[in-house]
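Residues per chain are reported as follows:
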Amino acid sequence: MYNLWINLLATGTIFLVIIIIIIFHKKNFFINHRVKGYKRNMKISLPLGNLGWPFIGETLEFISCGYSHSPESFMDKRRNMYGKVFKSHIFGSPTIISTDAEVNRSILQSDAKTFVPSYPKSLTELMGKSSILLINGSLQRRIHGLIGAFFKSPHVKVRITHDMQKYVQQSMANWQENCPVYIQHQAKNIAFQVLVKALIGIDPGDKLELLRIQFQEFIAGLMSLPINFPGTTLYRSLKAKKRMVKLIQSIIQEKREKNVMSTVNEDVVDVLINNTSEELTDELISDNMIDLMIPGEDSVPVLITLAIKYLSDSPVALQQLTEENLTLKRLKEKQRETLVWSDYLSLPFTQNVISETLRLGNIIIGVMRKAVKDVEIKGYLIPKGWCTFAYFRSVHLDDNLYDFPYQFNPWRWQNKDINNSYFTPFGGGQRLCPGIDLARLEASIFLHHFTTQFRWVAEEDSIINFPTVRMKRGMPIHIKRRESSSSIMQQHQYVH
Ligand code: HEM
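Residues numbered from 1 in each chain as written. Predicted model: local features only at pLDDT ≥ 70, side-chain atom pairs only at ≥ 80, totals over all residues. Heavy atoms only, no water.

**What to know about the overall build of the protein**
Step number 1: Across its full length, the protein carries 19 helices and 12 strands.
Step number 2: Summed over its atoms, the accessible surface of the protein is roughly 22,400 Å², and 55% of this surface lies on carbon and sulfur atoms. (Helix = DSSP H or I, 4+ residues; strand = E, 2+ residues; numbered from the N terminus. Areas by Shrake-Rupley, 256 points an atom, 1.4 Å probe, with all protein chains shown as cover.)

What follows is the structure, encoded as structure tokens:
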């Protein structure tokens, strides 16, 4: 979601071209590239850089590099010319782009007195004013804290593990050896089921299918032109959102009537309705449930798909990961125990594969903020009203920080602390992703069942980095079930 404003505007290239034409006809429609009051200030200064063309700035170059085979070229060119922090003008706003780990860290650690999230107006409309992705201050901290604590709690991890195992096994039981399996699609299906259950407690069935259809319609609007009238994608998207809100509000109502107050919180809706704060209205809760579905529906499946892509291309890593998971599986079978969430997370090499996939895959390329006052970081000025783009991707691919950064090398994470400012796939500070544990757990469970049950050959496919990270063809693979009585036994255990 966080970089969806990029997606939105990326798909609006034609729109931008029309704007350029209008601009050239109205010659004085030029932005003022100078920043008042700082022209003569030599101590802290605007970073070097180029604001590009009037109004459109460097947006078109940014987009075209994103679509090219070298998505890094936009950043690399400017890093070489101006250093790790530079100014630009993208997506309608003068922007300080940081590819510097320390500067990114400061941006992530700042609070709403300094920076607020920045998204285009049409997205704000789709998300709703009370979305956790947009709100600031104490309400954001409260909701963030409640959601984060929920996903961290062991009893929730037990439930999520049970659900994930069940959905993974059900899905894998239907895979055919004689036709390709599209991993991206399968992972999306499973992650959506897990997330909807964890957020609003809906099990697979008619309601979930209804929600899935509406949700697909809704997210289509996030990638559309910001034009809202009957017949447009945005219009249909807003309508779909209304229908989803209605459905979720009826669930909230049912829960309130059943008076779940005294029972254990089974899902995020329970957590929020059981909180006594008057700010947490039904409208706010339902809006936020929809916004929370976006990262769950997209980022986790992409993480799973990319891990399988990298493993397919790296037989040694695949072998080590498979052996680690088979060893755990055999041990558990010997002890006649089922796997629990901590077992999945206890496998060091599997966790290293996930970390390396997050580093190399850069599912979220960075985060955008707007300065609410003049800000100085590491001697750089970020003027009030300007955007700042903390670009993680360049840091994750920096050869001063990672040897051979474009190589998939899970061993680089051995005995390495992943909590450092050079590795921020989940952001940081007050907005650190509250789904971090859920994402790692889901990926670990999928990888375990996949590698212990199947051998596979991947068809030719490539990674697309823009506007969102994904596999071009959805990662088709041809599978062969491993001949093992235990895997069959385990399938029977979960498939009902
Ligand atoms: C591989 C999977 C995921 C990645 C890489 C990821 C990454 C991120 C990043 C970078 C941020 C910071 C955004 C910012 O600072 O503006 C973030 C925030 C967030 N993520 Fe995730 N995320 C993932 C999965 C999830 C899941 C499964 C959920 C759902 C439970 C989730 C819910 C959220 C929410 C609600 C926020 C906003 C927090 C706030 O602003 O207070 N994410 N995520």
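**Topic: helix α14 (residues 315–334)**
Step number 1: For α14, which comprises 20 residues, the first-to-last C-alpha distance of 28 Å matches the rise-based estimate of 28 Å (1.5 Å per residue) to within 8%.
Step number 2: Just beyond α14, the residue with positive phi is Arg-336, at close to 55°. (Expected span 1.5 Å × (residues − 1).)

**Section: unusual backbone geometry**
Step number 1: Here the bond from Phe-466 into Pro-467 is cis, since omega is -5°, no more than 30 degrees from zero.
Step number 2: Within the secondary structure, Pro-467 sits in the loop between β10 (463–464) and β11 (470–471).
Step number 3: Positive phi values are uncommon outside glycine, yet Phe-91 reaches one of about 50°.
Step number 4: Residue Phe-91 is classed as buried on the basis of its relative accessible area of 13%. (Buried < 20%, exposed > 50% of the residue type's maximum accessible area, 1.4 Å probe, protein only.)

**Thoughts on the packing of helix α7 (residues 137–152) against helix α8 (residues 154–173)**
Step number 1: Where α7 contacts α8, the axes come no closer than 5 Å and their chain directions differ by 65°. In contact with Phe-150, Phe-151 and Lys-152 of α7, α8 contributes Pro-154, Val-156, Lys-157 and Ile-160.
Step number 2: Of the residues that constitute the contact of α7 with α8, the class distribution is five nonpolar, no polar and two charged. (Axes fitted to C-alpha atoms, helices over the stretch in contact; angles between N-to-C directions. Contact = heavy atoms within 4.5 Å. Nonpolar A, V, L, I, M, F, W, Y, C, P; charged D, E, K, R; others polar.)

**Re the pattern of salt bridges**
Step number 1: Evaluation of the coordinates by the stated rule reveals 30 salt bridges.
Step number 2: Notably, a salt bridge pairs Arg-159 with Glu-266, separated by 2.8 Å at the nearest N-O pair. Here Arg-159, found in helix α8, pairs with Glu-266, found in the loop between α11 (233–258) and α12 (268–273); they are 107 residues apart in sequence, far enough to count as distant.
Step number 3: Each of the salt bridges in this network shares a partner with another, and the network as a whole consists of Glu-58, Glu-61, Lys-77 and Arg-78. (Salt bridge = Lys/Arg side-chain N within 4 Å of Asp/Glu carboxyl O.)

**Some thoughts on the site of the ligand**
Step number 1: In the region of the ligand, 24 residues are neighbours, and Gln-140, His-144, Arg-369, Arg-431 and Cys-433 sit closest.
Step number 2: Note that an oxygen atom of the ligand is positioned 2.7 Å from one of the side-chain N or O atoms of Gln-140.
Step number 3: Elements that contribute at least two residues to the shell around the ligand include exactly α7, α13 (282–312), β5 (366–371) and α18 (436–453).
Step number 4: Here the element with the most residues in the shell around the ligand is α13; it accounts for six residues.
Step number 5: For the shell around the ligand, a count of residues per class yields 16 nonpolar, six polar and two charged.
Step number 6: Here the shell around the ligand spans two domains, and each of domain 1 (1–125 + 363–396) and domain 2 (129–360 + 426–496) adds at least three residues to it. (Near = heavy atom within 4 Å. Polar contact = N/O pair within 3.5 Å; in protein donor to acceptor, adjacent residues only side chain to side chain. Domains from an automatic or database assignment.)

**Some points on the coordination of the iron atom of the ligand**
Perfect tetrahedral coordination of a metal by four donors corresponds to 109.5 degrees between them, and perfect octahedral coordination by six donors corresponds to 90 or 180 degrees.
Step number 1: Exactly one protein atom donates to the iron atom of the ligand; that atom is Cys-433 (SG), 2.3 Å from the metal.
Step number 2: With respect to the helices and strands, Cys-433 occurs in the loop between α17 (392–396) and α18. (Donors = N, O, S within 2.8 Å, 3.2 Å for Na, K, Ca; no water.)

**A word on the sheet that holds strand β2 (residues 93–98)**
Two strands in a sheet stick together by hydrogen bonds in their backbones, pointing the same way (parallel) or opposite ways (antiparallel).
Step number 1: Here we have five strands laid out as an open sheet, ordered β1-β2-β8-β5-β3, and mixed in their pairing. In this open sheet, the two strands that pair with only one neighbour each are β1 (85–90) and β3 (115–117). With strand direction ignored, the average angle separating the axes of adjacent strands in the sheet is 35°.
Step number 2: Judged from the five bridges that link them, β5 and strand β8 (residues 387–391) form a sheet pairing that is antiparallel. Residue Arg-369 lies in a different strand from β8, and its bridge partner there is Thr-388. (Pairing = 2+ DSSP bridges.)

**A few points about the sheet that holds strand β9 (residues 454–458)**
Step number 1: Read from one edge to the other, the open sheet built from three strands follows the order β4-β12-β9, with strand pairing classed as antiparallel. Because the sheet does not close on itself, it has two edges, and the strands there are β4 (181–182) and β9.

**A look at helix α9 (residues 183–200)**
Each turn of an α-helix holds 3.6 residues, which means side chains three or four residues apart point in the same direction.
Step number 1: When the terminal C-alpha atoms of α9 are compared, their 26 Å separation across 18 residues agrees well with the 26 Å that a helix rising 1.5 Å per residue should span.
Step number 2: Most of α9 is tucked away: 15 of the 18 residues are buried.
Step number 3: Following α9 by one or two positions, Gly-201 has its phi on the positive side, about 80°.

**A closer look at the environment of Gly-137**
Step number 1: Inspection of the secondary structure puts Gly-137 in helix α7.
Step number 2: Judged by relative accessible area, Gly-137 falls into the partly exposed class, the value being 23%.
Step number 3: On a C-alpha basis, the gap between Gly-137 and Val-116 in space is 9.6 Å, while along the polypeptide they are 21 residues apart.

**Re the nonpolar core**
Step number 1: The biggest cluster of nonpolar side chains holds 104 residues, and the ones touching the most others in it are Ile-200, Phe-218, Met-289, Met-293, Phe-446 and Phe-450.
Step number 2: The leading source of residues in this core is α13, at 16 residues.
Step number 3: Counting residues domain by domain, this core receives three or more from each of domain 1 (1–125 + 363–396) and domain 2 (129–360 + 426–496).
Step number 4: Apart from the residues within four sequence positions on either side, Met-293 is in contact with Phe-192, Leu-195, Leu-199, Ile-200, Leu-211, Phe-215, Met-244 and Ile-248. (Core = buried A, V, L, I, M, F, W, Y, C linked by side-chain atoms within 4.5 Å.)

**Overview of a nonpolar patch on the surface**
Step number 1: A grouping of Leu-225, Ile-227 and Phe-229 is seen on the molecular surface, where their side chains present a nonpolar patch of about 240 Å² in accessible area.
Step number 2: Its place among the elements puts Ile-227 in the loop between α10 (206–222) and α11.
Step number 3: Using a relative accessible area of 32% as the deciding quantity, one classes Ile-227 as partly exposed. (Patch = residues over 30% accessible without salt bridge, like charges linked within 9 Å, V, L, I, M, F, W, Y side chains within 5 Å.)

**Points about the packing of aromatic side chains**
Step number 1: Tallied over the full model, the rule gives 18 aromatic pairs.
Step number 2: An angle of 25° between the planes, with centres 5.2 Å apart, marks the rings of Trp-175 and Phe-454 as stacked. Placement of the pair is Trp-175 in the loop between α8 and β4 and Phe-454 in strand β9, with a sequence separation of 279 residues. For the residue pair Trp-175 and Phe-454, the accessibility class agrees, reading buried in each case.
Step number 3: Taken together through their ring pairs, the aromatic side chains of Phe-62, Tyr-67, Phe-74, Phe-91, Phe-389, Tyr-391 and Phe-466 make up a single cluster. (Phe/Tyr/Trp six-rings, centres within 6.5 Å; stacked < 30°, edge-to-face > 60°.)

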